[in-house]
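The residues making up each chain are set out below.
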Amino acid sequence: MNNNKLTGADYLKASLRSAVYDVAQVTPLEYMEKISSRLKNQVFVKREDRQLVHSFKIRGAQAMIASLTPEERQCGVIAASAGNHAQGVAFSATKLGIKSLIVMPLNTADIKVEAVKGFGGEVLLYGANFDEAKAKAMELAKEQNRVFIPPFDHPLVIAGQGSIAMELLQQNAKLDRIFVPVGGGGLAAGVAVLIKQIMPSIKVIAVEPEESACLKAALVAGHPVDLERVGLFAEGVAVKRIGDETFRLCQQYIDDIITVDSDEICAAVKDLFDDVRAIAEPSGAVALAGMKKYVEQHNISGENLAHILSGANLNFHNLRYISERCELGEKREVLLAVTIPEQKGSFLKFCQLLGGRAVTEFNYRYHDDKSACVFVGVKIAKSNEKEEIMQELTAADYHVIDLTDDEMAKLHVRYMIGGKPCQPIEEQVYSFEFPESQGALLKFLQTLGTNWNISMFHYRSHGNDYGRVLAAFEIDKASHSTFTKHLTELDYAFHNETENLSLKLFLTTK
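Residues numbered from 1 in each chain as written. Predicted model: local features only at pLDDT ≥ 70, side-chain atom pairs only at ≥ 80, totals over all residues. Heavy atoms only, no water.

This paragraph deals with the sheet that holds strand E4 (residues 100–104). Reading across the sheet, the four strands line up as E5-E4-E3-E6 and stay open at both edges, with parallel pairing between neighbours. The outermost strands of the open sheet, each flanked by one partner alone, are strand E5 (122–125) and strand E6 (147–148). The pairing of E4 with E5 spans four bridges and is classified as parallel. Counted as the bridge partner of Leu 101 is Glu 122 from E5. On the sheet, helix H7 (residues 130–144) packs against strand E3 (77–80), E4, E5 and E6 and is oriented at approximately 165 degrees with respect to E3. (Pairing = 2+ DSSP bridges. Helix = DSSP H or I, 4+ residues; strand = E, 2+ residues; numbered from the N terminus. Contact = heavy atoms within 4.5 Å. Axes fitted to C-alpha atoms, helices over the stretch in contact; angles between N-to-C directions.)

As structure tokens, this is what we get:
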């Protein structure tokens, strides 16, 4: 297939001819009763988590692998992936009697490595990240004459993912909008191009995490571009650059695009569990998060809306983070820094001012005899309630600062209340992303810890491929350039957080 000449009709034909259902299943389209009532629309979820590999990726992998010639099958296939694509390739290849080799980054979670092996794939752990693993896979493909199976940017893979659109139309021909998650764009491109060939009146809305919005960046630029940084929470859609062919199709056929943050994704994971008892991986809940936000922004009601639950290969420990953040994503909790008098009865008076609202979190440590700055979480029931609370507290002469959207406060500060040093020190505070691999902390300490005193350190694992670290260093102005040089040598993603307001309130002396 020459993708430079492929039309929408070509993709429709390719999807109908693909051998997807030799291994993939027709997944159910389930009605979500609770969220339908909340959003005042009929909401349906396409359960791709019900595939044998718990992800839609089996469709595209099977479509391409089934098209191989006998000679190509004899040589075997190879892919690079840290998750769902790896399992799809391994499963499909094994079913067709083809040997598969999957190159996975060294820090890939054991559960994913074992899943690939369980589906009959051979695993090679290589590289610190996906890009290094992919480069190795491409190298081995040439050396061993294997066929490389790309995760998204290939016409056959796109056509295979497009089979979802055919099922959606057969299951509910009255849909008004379909919300599709975007990583590399294979699923969005496949669904959009097929929908527009058959029922062009149906709107297809792309949804991306704010931290990895490669399609949005490409649409702004007019062509695919590399993102400078990609957030890994929704790792299934954490792609640095949209595919060339997937972008061409998305640009032509997608009707609109919306981005969501991590808290909104967490809220959508909870919604899926509450409504249909599905436990989605973060990327699997991206489309629902986008649907909820889109409905609110555009005041949509009375429509038939579908979203694709793209996968459920969840690292179990992610659930702790999701549980902590879902109320914020649903706008049901606010986080505040409130200065109250350091005297008996202050906490009681403060709670009385809240008027019976539930306090979800209260962090405090004695600092001086005059006042106390407390970190407070409050449960709310309506959209304007945060403003009401802040006005009520301000009227009672409390100094109040809203921390609800302060990522540093939510990720680190809430666990470290009371950490102010006993005397002023010259320090700089940085946040880091550590690869979750052996030796990561040791490398950090060897590069930085022996040269500058570490005055604060916080790390908490949330089961992601990357750990989030907050650290402070005693650095004078004369050695700051040398410190920056060492940061570059460390080669971990970092950001200077010294001026962050929540840190100044609770942890640092300035």
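The discussion continues.
Taken together, four strands build an open sheet; the order of strands is E12-E13-E11-E14 and the sheet is antiparallel. In this open sheet, the two edge strands, each paired with only one partner strand, are strand E12 (359–363) and strand E14 (399–402). Between one strand axis and the next, the sheet turns through 25 degrees on average, direction left out of account. Looking at chain direction, strand E11 (residues 333–341) and strand E13 (residues 371–379) are connected through nine bridges and run antiparallel. Paired with Pro 341 across the bridge in E13 is Ser 371.

Right, let's talk about the side chain of Ser 212 for a bit. With respect to the secondary-structure elements, Ser 212 resides in the loop between strand E8 (203–209) and helix H11 (214–221). The class of Ser 212 is buried, set by a relative accessible area of 1%. In this view, Ser 212 contacts Leu 227, Val 230, Gly 231, Val 237, Ala 238 and Val 239; residues no more than four positions away in its chain are not counted. (Buried < 20%, exposed > 50% of the residue type's maximum accessible area, 1.4 Å probe, protein only.)

Purely geometric numbers; function is a separate question.
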